[in-house]
Each structure stands twice: as C-alpha cells, then as structure tokens.
Amino acid sequence: MRIDIVTLFPELCDSFLHASILGRAADKGLFEAHCHQIRDYTKNKQKQTDDYPYGGGCGMVLYAQPIADCIRAVQAQCAEQGRPRPHVAFLTAAGAPYNEQTARRLATYDSLILVCGHYEGIDERVIEAFGDEEISIGDYVLTGGELASLVVADSVLRLQPGVLAEEKGYQEESYWDGLIEYPQYTRPEVWEGRAVPPVLLTGDHDKIDAWRGKQSRARTRARRPDLYDRWCRTHPLTPPSWK
Ligand code: SAM
C-alpha cells in the first residue's frame with residue numbers, strides 16, 4: 001500500500017510514520033508513506049497558501065490550486081508505478097465519523113491520499129473536485145488535519161499484512177468484532193495488593209477464552225451501550241446468558 005499526506009506540516013507527519021512499529025514496517029517495504037508540502041505547489045511569488053474567506057468571517061482558507069496540483073502530482077507518481085487511481089480522503093471536522101469499519105475499508109485500497117486542512121479549512125471546490133470522501137476523527141475541532149491524517153494512516157497501516165507481528169493481533173483487539181477488549185495483565189501476579197484474575201493463571205485456554213469473552217461483553221455493555229445493542233442485533237443466536 002502507498003499512503004500520501006498532503007499538508008502544510010509534512011515533517012510532523014513524516015516523523016510519526018517512520019518511527020516505531022510503522023517505521024520498521026516501512027523499512028521492510030511493507031508500505032510506502034510520503035508527505036507533501038502544499039506550499040511547494042503554489043504559483044504565486046510569496047508562496048502564499050491561504051487567503052481571506054469570501055463573504056467575510058475570521059480566519060484564512062487554504063487555496064484550491066496548490067492542493068489540486070499536489071494531488072495531481074501524487075496521482076501521476078502512482079500511475080508511473082502502475083498503481084490504480086488513488087482514493088482521496090479529506091480530513092474535515094464536518095466529515096463522516098471515523099471508526100474501525102472505515103479503517104478496514106480504507107486498508108483495501110492500493111493507494112490513499114489524505115489531505116489536511118488548516119486555519120479555517122479548505123476551499124470547498126477542491127474537495128468537490130477531488131474528494132472521494134471526507135473523514136472526521138471526532139466531534140471536536142483541531143487546529144489542523146495532521147493529527148487526524150495520522151490517526152487514519154496509523155489505523156489503516158497496522159492492518160497491512162506483516163505490519164503487526166501476528167495477524168491475530170488486530171483481530172483480537174477492540175472494535176474488530178464490534179466489542180471492546182477484555183482487560184489485560186502482565187507480571188507481577190500481585191501488584192500493590194491487586195492480584196491478576198486467577199483464571200488467567202490456570203493455563204486452561206477454554207476457560208480463559210470464556211472469561212475474556214464475558215469481560216468483553218460486560219465492558220461493552222457498561223461503557224458503550226450503543227455498540228453493545230448493535231452487537232446483540234448482529235448476534236441473534238447468542239445465548240441469553242451471554243447478554
Ligand atoms: N472551520 C472548520 C469547521 O468549523 O468545521 C474547522 C477548521 S479546523 C480549525 C482546521 C482543519 O483541521 C480542518 O480543515 C481539518 O483538516 C482539520 N480538522 C479539525 N477538526 C477535525 C476533525 N474533527 N476531524 C478531522 N479533521 C479535523
């Protein structure tokens with residue numbers, strides 16, 4: 001997979017994508033990640049990227065032209081590599097709420113362009129012209145789309161084959177099957193008077209799986225009743241004692 005981030009702060013995004021688990025995976029060639037400076041695509045002498053909003057109001061709006069040209073340049077690079085047309089997602093506070101289902105869908109694209117706004121946002125016309133979708137990472141407003149693009153890139157790239165040590169790793173985590181995860185423990189067996197649940201020390205994997213399933217359902221029911229109701233609807237054959 002190839003991911004391209006279009007931003008005014010490429011160095012911020014680049015350092016994240018080339019550190020830790022993702023950095024090691026990129027070094028192994030499991031994906032390509034590139035961050036592009038919008039300013040490099042401006043056509044005015046001052047390399048200005050934004051201007052006052054038509055109709056008045058506070059803040060500045062990013063020009064359509066440099067963003068469009070940057071996306072076109074990435075599209076051309078992908079075509080040269082023989083890749084299909086990249087999917088383009090704009091990070092906006094007004095976009096569709098992001099979740100694990102969306103991450104799984106985006107992970108199926110060969111190449112993905114993530115466009116970050118800043119200041120008051122982006123000229124709507126470039127979103128209309130190039131955007132396949134708009135994504136919001138939550139009901140709050142950030143100063144820019146960089147963190148949002150990294151949230152999307154991280155959650156998508158960890159699903160690429162080989163990025164996590166074990167594929168089962170992400171299938172056992174929160175949201176994969178619609179529930180949140182059971183609690184995790186490591187050594188020591190007793191920490192400051194708090195013992196690890198005894199079942200985890202039995203070595204009986206059927207019992208451990210049953211306990212974890214129960215914890216997962218109970219936590220989801222208590223913390224995310226919205227998710228729990230949806231899970232119950234999609235698991236109609238679940239024994240009533242489980243619910
Ligand atoms: N004027 C916009 C509004 O009221 O919806 C907010 C602009 S925000 C200050 C600047 C940029 O941050 C946006 O263009 C977008 O790229 C990014 N951003 C802010 N909140 C976001 C969110 N919840 N999800 C994704 N991107 C967000």
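Residues numbered from 1 in each chain as written. Predicted model: local features only at pLDDT ≥ 70, side-chain atom pairs only at ≥ 80, totals over all residues.

The name recorded for the protein in an unreviewed UniProt entry is tRNA (guanine-N(1)-)-methyltransferase, from Gemmiger gallinarum. Under the UniProt heading Function (unreviewed entry), the entry covering the protein gives this text: "Specifically methylates guanosine-37 in various tRNAs." (UniProt positions renumbered as here; feature names shortened; annotations may be inferred.)

(A) Main features of unusual backbone geometry. Here the bond from Arg 187 into Pro 188 is cis, since omega is 5 degrees, no more than 30 degrees from zero. Structurally, the position occupied by Pro 188 is in the loop between helix H7 (168-171) and strand S9 (190-191). With a phi close to 55 degrees, Ser 20 is a non-glycine residue in the positive phi region. By secondary structure assignment, the location of Ser 20 is in helix H2 (residues 20-27). The exposure class of Ser 20 is exposed, given the 10 C-beta atoms found within 10 Å. You will see that Tyr 175, though not glycine, has its phi angle at about 80 degrees, which is positive. (Helix = DSSP H or I, 4+ residues; strand = E, 2+ residues; numbered from the N terminus. Buried ≥ 20, exposed ≤ 12 C-beta atoms within 10 Å, placed from the backbone.)

(B) Region of interest: the site of the ligand. Near the ligand there are 20 residues, and of these Ala 93, Gly 117, Leu 142, Gly 145 and Ala 148 occur at the shortest range. Counting only elements with at least two residues in the shell around the ligand, the list comes to strand S5 (87-97) and strand S7 (121-122). For the shell around the ligand, the leading source of residues is S5, giving four residues. Among the residues making up the shell around the ligand, the classes are represented as ten nonpolar, nine polar and one charged. (Near = placed C-beta within 6 Å. Nonpolar A, V, L, I, M, F, W, Y, C, P; charged D, E, K, R; others polar.)

(C) Representation of the domain arrangement of the protein in the model. Annotation of the protein at the domain level lists domain 1 (2-157) and domain 2 (179-242). Its C-alpha centre places domain 1 at a distance of 37 Å from the equivalent point of domain 2. (Domains from an automatic or database assignment.)

(D) Examining the environment of Lys 28 more closely. Position of Lys 28 relative to the elements: it lies in the loop between H2 and strand S2 (32-37). Its 10 C-beta neighbours within 10 Å are what place Lys 28 among the exposed residues. Sequence separation between Lys 28 and Ser 216 is 188 residues, and the spatial gap between their C-alpha atoms is 34 Å.

(E) Spatial organisation of the confidence of the model for the protein. On average, residues of the protein score 95 in pLDDT, and 98% of them are at 70 or above. Note on the complex model: pTM 0.94, ipTM 0.99. (pLDDT = per-residue confidence, 0-100.)

(F) Summary view of the pairing of strand S6 (residues 111-116). Burial of S6 is extensive: six of the six residues sit out of reach of the surface. With burial as the criterion, each face of S6 is covered, one bearing Ser 111, Ile 113 and Val 115 and the other bearing Leu 112, Leu 114 and Cys 116. The pairing of strand S1 (residues 2-7) with S6 spans five bridges and is classified as parallel. Its bridge partner lying in S6, Ile 3 is registered against Leu 112. Pairing between S5 and S6: five bridges, direction parallel. The residue bridging Val 88 from the neighbouring strand is Ile 113, located in S6. (Pairing = 2+ DSSP bridges.)

(G) Up close: the sheet that holds strand S4 (residues 61-62). One open sheet accounts for three strands, arranged S3-S4-S7; its pairing is mixed. Unpaired on one side and paired on the other, strand S3 (50-51) and S7 mark the two borders of the sheet. Bridge count between S3 and S4: two bridges; the pairing is antiparallel. Bridging across to S4, Asp 50 finds its partner in Leu 62.

(H) Highlighting the sheet that holds S6. Across the sheet, five strands lie side by side as S2-S1-S6-S5-S8; this open sheet has parallel pairing. Of all strands in the sheet, those with a lone pairing partner are S2 and strand S8 (133-136), marking the two edges. Averaged over all pairs of adjacent strands, the angle between their axes in this sheet comes to 30 degrees, without regard to strand direction. Running at roughly 165 degrees to S1, helix H3 (residues 64-80) makes contact with S1, S2, S5 and S6 of the sheet. (Axes fitted to C-alpha atoms, helices over the stretch in contact; angles between N-to-C directions. Contact = placed C-beta atoms within 7 Å.)

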